[in-house]
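# Chain and residue survey
Chain by chain, the residues run as shown.
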Amino acid sequence: MSRNPATRSARLRRSVLSVPAINPRALEKTHAVDCDAVIFDLEDSVAPERKAEARENLRNFFSARPLEGKERIIRINDLSTNFGLADMELVIALNPDAVLLPKVDEPQDVMAVGDLLYEADAPEDLRIWAMIETPRGILNAAVIAEAGRTPGSRLDCLVVGLNDLRKETGVLPQPGRSYLVPWLMQVVLAVSAYGLDAIDSVFNDFRDEQGFDAECLQGRAMGFAGKMLIHPAQIEPANRHFGPDPAAVAEAEAIISAFADPASDGLNVINAGGRMVERLHLVQAESLVHKARLIAARQAATRKTM
Ligand SMILES: CC(C)(COP(=O)(O)OP(=O)(O)OC[C@H]1O[C@@H](n2cnc3c(N)ncnc32)[C@H](O)[C@@H]1OP(=O)(O)O)[C@@H](O)C(=O)NCCC(=O)NCCSC(=O)C[C@H](O)C(=O)O
Ligand SMILES: [Mg+2]
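Residues numbered from 1 in each chain as written. Chains lettered and ligands numbered in written order. Predicted model: local features only at pLDDT ≥ 70, side-chain atom pairs only at ≥ 80, totals over all residues. Heavy atoms only, no water.

Heads up, the condition is: UniProt positions are given in the numbering used here, feature names are shortened, and annotations may be inferred rather than shown by experiment.
As annotated in an unreviewed UniProt entry, the protein chain carries the name CoA ester lyase and comes from Rhizobium indigoferae. Quoted verbatim from the Sequence similarities (unreviewed entry) field of UniProt, the annotation for the protein chain is "Belongs to the HpcH/HpaI aldolase family." Looking at the protein chain in UniProt, the text filed under Cofactor (unreviewed entry) is "Mg(2+)".

### Topic: the coordination of the magnesium ion (ligand 2)
Note the following rule: In this description, a donor is an N, O or S atom within 2.8 Å of the metal centre, a cutoff extended to 3.2 Å for sodium, potassium and calcium. Water is not part of the atom list, which can make sites seem incomplete. The helix and strand labels rest on DSSP assignments: H or I over at least four residues marks a helix, E over at least two residues marks a strand, and numbering proceeds from the N terminus. Throughout, exposure labels follow a simple rule: accessible area from a 1.4 Å probe, protein chains only, divided by the maximum for the residue type, with under 20% read as buried, over 50% as exposed, and the rest as partly exposed.
Looking at the magnesium ion (ligand 2), one finds its protein donor set to be Glu133 (OE) and Asp164 (OD), positioned 2.0 to 2.1 Å from the metal centre. Taken together, the residues Glu133 in the loop between β5 (127-132) and α5 (135-139) and Asp164 in helix α7 (residues 162-169) connect sequence positions 31 residues apart. Residue classification places Glu133 among the buried positions, given a relative accessible area of 2%.

### Considering the side chain of Arg72
Note the following rule: Polar contacts, as used here, are pairs of N or O atoms within 3.5 Å; protein pairs need one atom able to donate a hydrogen and one able to accept it. Residues neighboring in sequence count only if both atoms are side-chain atoms. The contact rule is simple, with two residues in contact once any of their heavy atoms fall within 4.5 Å.
Along the chain, Arg72 falls in strand β3 (residues 71-75). Take Arg72: its relative accessible area is 19%, and that puts it in the buried class. Polar side-chain contacts of Arg72 include one of 3.4 Å to the backbone oxygen of Asn95. Excluding residues that lie within four positions of it along the chain, Arg72 makes contacts with Val38, Phe40, Phe62, Leu67, Asn95, Pro96, Asp97 and Ala98.

### Details of the pairing of β5
As a reminder, the rule being used: Strands qualify as paired when DSSP identifies two bridges or more between them.
Within β5, 5 of the 6 residues are buried, leaving the element largely enclosed by the surrounding structure. As judged from the 4 bridges shared by strand β4 (residues 98-101) and β5, these two strands associate in the parallel manner. Bridging across to β5, Val99 finds its partner in Ile128. Across 5 bridges, the pairing between β5 and strand β6 (residues 155-160) is parallel. Residue pairing across strands places Ile132 opposite Val160, the latter belonging to β6.

### So, the pattern of salt bridges
Operational definition: Take a side-chain nitrogen of Lys or Arg and a carboxyl oxygen of Asp or Glu: if they are within 4 Å of each other, that pair is a salt bridge.
Per the stated rule, a full pass over the model turns up 25 salt bridges. Across the pair Arg14 and Asp36 runs a salt bridge whose closest N-O atoms are separated by 2.8 Å. Note that Arg14 is positioned in the segment before β1 (15-20) and Asp36 in the loop between α1 (24-29) and β2 (37-41), a separation of 22 residues in sequence. For the residue pair Arg14 and Asp36, the accessibility class agrees, reading buried in each case. Here Arg136 makes a salt bridge to Glu106, at a shortest N to O gap of 2.9 Å. Here Arg136 is found in helix α5, whereas its partner Glu106 is found in the loop between β4 and α4 (107-119), with 30 residues between them in sequence. By relative accessible area, which is 42% here, Arg136 ends up partly exposed. On the basis of relative accessible area, Glu106 is assigned to the partly exposed category, the value being 26%.

### Focus on unusual backbone geometry
If you check the backbone angles, Asn95 has positive phi at about 50° while not being a glycine. Of note, the phi angle at Lys103 is positive, near 50°, even though the residue is not glycine. Take Lys103: it is sitting in the loop between β4 and α4. Looking at Lys103, the relative accessible area reads 22%, which means it is partly exposed.

### Describing the packing of aromatic side chains
For clarity, the threshold we go by: Two rings from Phe, Tyr or Trp (for Trp, the six-membered ring) form a pair when their centres are within 6.5 Å of each other. A pair whose planes differ by under 30 degrees is stacked, one over 60 is edge-to-face, and the rest are tilted. Definition used: whenever NZ (Lys) or CZ (Arg) falls within 6 Å of the ring centre and also within 35 degrees of the ring normal, the charge is taken to sit over that ring.
Under the definition given, this model contains 4 aromatic pairs. Relative to Phe61, the ring of Phe40 has its centre 5.5 Å away and its plane inclined at 50°; by these criteria the two rings are tilted. Taken as a pair, Phe40 in strand β2 and Phe61 in helix α2 (residues 51-64) lie far apart in primary sequence, 21 residues in all. On the basis of an interplanar angle of 65° and a centroid distance of 5.4 Å, the ring pair of Phe40 and Phe62 is categorised as edge-to-face. Of this pair, Phe40 sits in strand β2 while Phe62 sits in helix α2, and the two are 22 residues apart along the sequence. Like Phe62, Phe40 is buried. Grouping aromatic residues by their ring pairs yields a cluster made of Phe40, Phe61 and Phe62. The ring of Phe83 carries the charged tip of Lys51 above its face, separated from the ring centre by 5.4 Å.

### What to know about α4
Side chains that are three or four residues apart share a direction in an α-helix, a result of its 3.6 residues per turn. Operational definition: Multiplying 1.5 Å by the helix residue count minus one yields the expected span of that helix. To be clear, the arc concerns the directions from the helix axis to the C-beta atoms.
Its 13 residues give α4 an end-to-end C-alpha distance of 18 Å, which sits within 8% of 18 Å, the value for a rise of 1.5 Å per residue. For α4, the full list of buried residues reads Pro107, Val110, Val113, Gly114 and Leu117. Along the axis of α4, the buried residues cluster in a sector spanning 130°; they form a single face. Where α4 terminates, the next one or two residues include Asp121, which has phi positive at roughly 60°.

In structure tokens:
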């Protein structure tokens, strides 16, 4: 049985900020910024000769002060490189919320990391995220996502990487991403079939506010849960575009009340102010209201600590 997109994840993943683990100053900034998740990057933003230094930075960062209220994800190097296994040892030692695998081509890439976590007796809530950023990754998006349904699988989220994908395919960066949309939608369809989340790719030109807004609107309309970010300036717009807008929350609350009315008992379809509403809309409405409450609770907690 498929899960409705509205029920994919109860977590907020509107803004997923990547931070190069080589940069201690940027690492420190993650305590103060308002993103939902942080990816600590050991892969492409760290030069090969500085991988060990980046791991040491992360070790120090995790031991100095816990990062509160945000999902913590460590992006490792591919296990086929010289760095992948040392990265995995660090992941097991630091126990983040998730490990992000780059350049996933097939389900076996995810399973190999799952096996390492199992052998290390890592806690079950240490999840796996997968970057879909190669031609084979796109072609195999469905079977990769399906692997997330096998018993004991830790796969939780797919993240699209368009920089690598453009490099591999020759598709040029263009406003509207018209040639990429079919591949993006393939990823959204795959996660929808198997109850995972999908995060849209980074937008490199972090000073181009209009371009970023347009891409967020497009990603949200396509069904992505949020966007991978490269700069703190992208957090507020991503939270805004991927968060529920107040009118939609009010409408969702009205749908929940309408179905809670005893007059709706035994009805699968009702008339809500001149619009047909079905019980499937109730599931979406509940998910939206849940996310709105998570955001409100986060904002209240932030105000308290200010
Ligand atoms: C792109 C950057 C190199 C730009 O950095 P910088 O020149 O320092 O920008 P600013 O001067 O505007 O920065 C202002 C302050 O903000 C801090 N900062 C900047 N970026 C981050 C960040 N990502 N996280 C936390 N803090 C950040 C700076 O340190 C400045 O602070 P201060 O000095 O105190 O004023 C830089 O933004 C950057 O490195 N971004 C992240 C790059 C990265 O993570 N790359 C990997 C992910 S991209 C990817 O995965 C692609 C994918 O794989 C694919 O294939 O598509
Ligand atoms: Mg990449």
